[in-house]
Amino acid sequence: MTALSTPPAPGRAPRGARPGGRARQEDIQGRLLVSPTVVVVGLVVLLPFLAVVVLAFQDLRLIDIPRITPADLEVTFDNFATVLSSAGFWTALRTTVVYATATTLGAIVAGVAVALALRRPFPGRGLVRGLVLVPYVLPVVAAATIWRTSLDTQYGVVNAFGRQVLGWEAPLAFLSSAGHEIGGVTVPLALTTVIAFEIWKTFPLAFLFVTARLQAVPGDLEEAASIDGASALQRFWYIVLPQLRGVVALLIVLRFLWSFQSFNDIYLLTGGAGGTEVLAVRVYEELITRANIGTASALGLVMTVLLSVLLVLYVRMARKEQSA
Amino acid sequence: MTTTRERAPGAARPAPARLRPSVGDVIERRGLAVLRVLVIAATVLVSAGPLLYGVLLSVQPLSNVIADPLDVIPDAFDFSAYPTALGAEEDGGFGLGRFMRNSLWVALGTTALAIAFSVLGAYAAVRLRFFGRETVNGMFLGVYLLPGIVLAVPLFVLMSRIGLTGSLFGLVLIYLAQTVPVALYMLRNYFIAVPASVEEAAMIDGCNRMQLIVRVVLPMAMPGIVATGLYVFMIAWNEYLFALLFLVQDRERWTVALGIAQLTEFSVPATVLMAGSIAITVPIVAGFFLAQRMLISGLTVGAEKG
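Residues numbered from 1 in each chain as written. Chains lettered and ligands numbered in written order. Predicted model: local features only at pLDDT ≥ 70, side-chain atom pairs only at ≥ 80, totals over all residues. Heavy atoms only, no water.

### What to know about the interface of chain B and chain A
So, point 1. At the interface, 87 residues of chain B touch 92 residues of chain A.
So, point 2. Between chain B and chain A, roughly 8,000 Å² of surface is buried when both sides are summed, and carbon and sulfur atoms account for 75% of that area.
So, point 3. Contact with chain A buries surface across chain B, with Leu70(B), Arg129(B) and Phe131(B) losing the most and accounting together for 9% of the total.
So, point 4. Linking chain B with chain A are zero salt bridges, by the criterion used here.
So, point 5. Taken together, the links from chain B to chain A amount to four residue pairs in polar contact (both at pLDDT 80 or more).
So, point 6. Among the elements that line the side of chain B that touches chain A, the one with the most residues is helix α2 (residues 23-58) of chain B, at 16 residues. (Contact = heavy atoms within 4.5 Å. Buried area = accessible area lost by both parts, 1.4 Å probe. Salt bridge = Lys/Arg side-chain N within 4 Å of Asp/Glu carboxyl O. Polar contact = N/O pair within 3.5 Å; in protein donor to acceptor, adjacent residues only side chain to side chain. Helix = DSSP H or I, 4+ residues; strand = E, 2+ residues; numbered from the N terminus.)

Written out as structure tokens, the structure is:
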């Protein structure tokens, strides 16, 4: 937005242009062409983000909205105190970290494994590659509905299989059970289910990234290693895997940032029940169920700060790596 | 995988170890071959299984599903779940046809605007030197990283205040802002591939900037535009959170994602839910195949002309 009101930078004339003539024209045209994007992003993303910062310091409920004026705004830190002192916040934070870590690693491991398995041609490879993309392309609501149906305790295929073939005594409540004992170990069943769903939904993306990178791995390196007597596992470990480092690092960052803020998948599957209340679901609950704009904003701001810290850490690590 | 490598460039050196592979090598190779087949089989089952399950459930009578949930192969076909899901409420249906119409408008509107905005923006970012270019290039990252749920709070407050809740236009605006930066970023890569010399020739022939974009750059970047458009369409068609926040009170305007999710709360038969889920998936899959053909044809046309 500032781009529109600042005078053109002098001395930045492009090659072979009359000074002031074409450069100035380019400057004006460039700003005009990006202005629709800048305006819409400014209105719907940047301005609301500033509003979150303001609202986080207000004592506001949803019912106050029709009546508030800027004059009513006063700064209070109560929302942050409320948010950070509640046990639910720390539980949700832990759930979010577990969820984001498990889904990130799971999706990447699955993506790499499938990419390697499909690396060399075989009859029907094209079809399998197409099928891999199905979970990714499927609308999340359709996918969640199908999963819910298949996991249903009464008519779901998974519980029917478990009881008739595996000999379960009772159906498992995959979507609502916070802890289920399996062989003496208590498994957070609902959380495991939403993690499995997210891995299933996102491994195709990791597969696509890794496949693209694998195609660029020079074949002669592996061939040479093979002649020198390196086994398949050694070749994978010492030659292919180091080549995948960059793409895997990028995927870790992207996947972690995405799953850290994931709302749809969890809310659609469990509604946040059974120990699956992540931070994003908690923000929604604060906003809609408790109708408290102040704490919802404060919680959202805390989430954003956490994400920013993670991102800064990553950028620093990446820089160090580059300079090393 | 381990055929003889005599033709390899480094094979001048004798490699006696290759002649008699150790027992360990053989076991490892066999193990990996088996593992590979297992991974491929599991991939097919896991990827396609749930969708297939949904399709099979949607075409059989509900009584079959309840009587024997494990027997997913229909003994008798019954397609009545589709008209029930799609039909209007007055006719005893669940109104999904109307939700699809709403979603179609929202998704088409978002796609058209997002493409228009991002074509202009991407062209400027690639070809023009202007003040603030770096800011625009970096802007998409910020949008990408801000959690949707965080922006949902003030947008909900704002939209209730100015009365845009319950309006599909409000949704288009939000989807537009969320997709334009990424669309711009995607298109940039395609625009870079358009040779600048072609543009310079058109400029000399007297094209102004807009004519240049519409007549020269656009046709050459068409495959990229189709791919980007499909991406935007998918996001807008699938989006759930903002539809839930803004439209949940207004059943007339529900989108497909919101509609299906709300129906799971009522006691809607499982077969109808499956039919609905499959119905909203079809446009996405169709779009994918359509775009794939256009993408390939776009590339081959260029190749024919050399």
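Structure shown, so let's carry the discussion forward.
### Things to note about the confidence of the model for chain A
So, point 1. Looking at chain A, the pLDDT average stands at 81 and 92% of residues meet or exceed 70.
So, point 2. Low confidence marks residues 1-18 of chain A, where pLDDT is under 50. Its contacts with residues over four positions away, or in another chain, come to 20 contacts. (pLDDT = per-residue confidence, 0-100.)

### Description of the UniProt feature "transmembrane region" (unreviewed entry) in chain B
Residue and element names in this part refer to chain B.
So, point 1. UniProt's feature table lists "transmembrane region" (unreviewed entry) at residues 33-53, 104-126, 138-162, 168-187, 212-237 and 272-291, given in the numbering used throughout.
So, point 2. Across residues 33-53, helical content stands at 100% and strand content at 0%; the span's end C-alpha atoms are separated by 29 Å.
So, point 3. A helix fraction of 96% and a strand fraction of 0% characterise residues 212-237, whose end C-alpha atoms lie 32 Å from each other. (UniProt positions renumbered as here; feature names shortened; annotations may be inferred.)

### Quick notes on the pattern of salt bridges
So, point 1. Under the definition given, this model contains five salt bridges over all chains.
So, point 2. The partner of Arg282(A) in a salt bridge is Glu277(A), with the nearest N and O atoms 3.2 Å apart.
So, point 3. Taking relative accessible area as the criterion, Arg282(A) reaches 9% and is therefore assigned buried.
So, point 4. A salt bridge links Glu252(B) to Arg98(B); its shortest N-O distance comes to 3.6 Å. On the criterion of sequence distance, the pair formed by Glu252(B) in the loop between α12 (241-247) and α13 (256-263) and Arg98(B) in helix α5 (residues 96-127) is long-range, its members being 154 residues apart.
So, point 5. By relative accessible area, Arg98(B) is classed as buried at 14%. (Buried < 20%, exposed > 50% of the residue type's maximum accessible area, 1.4 Å probe, protein only.)

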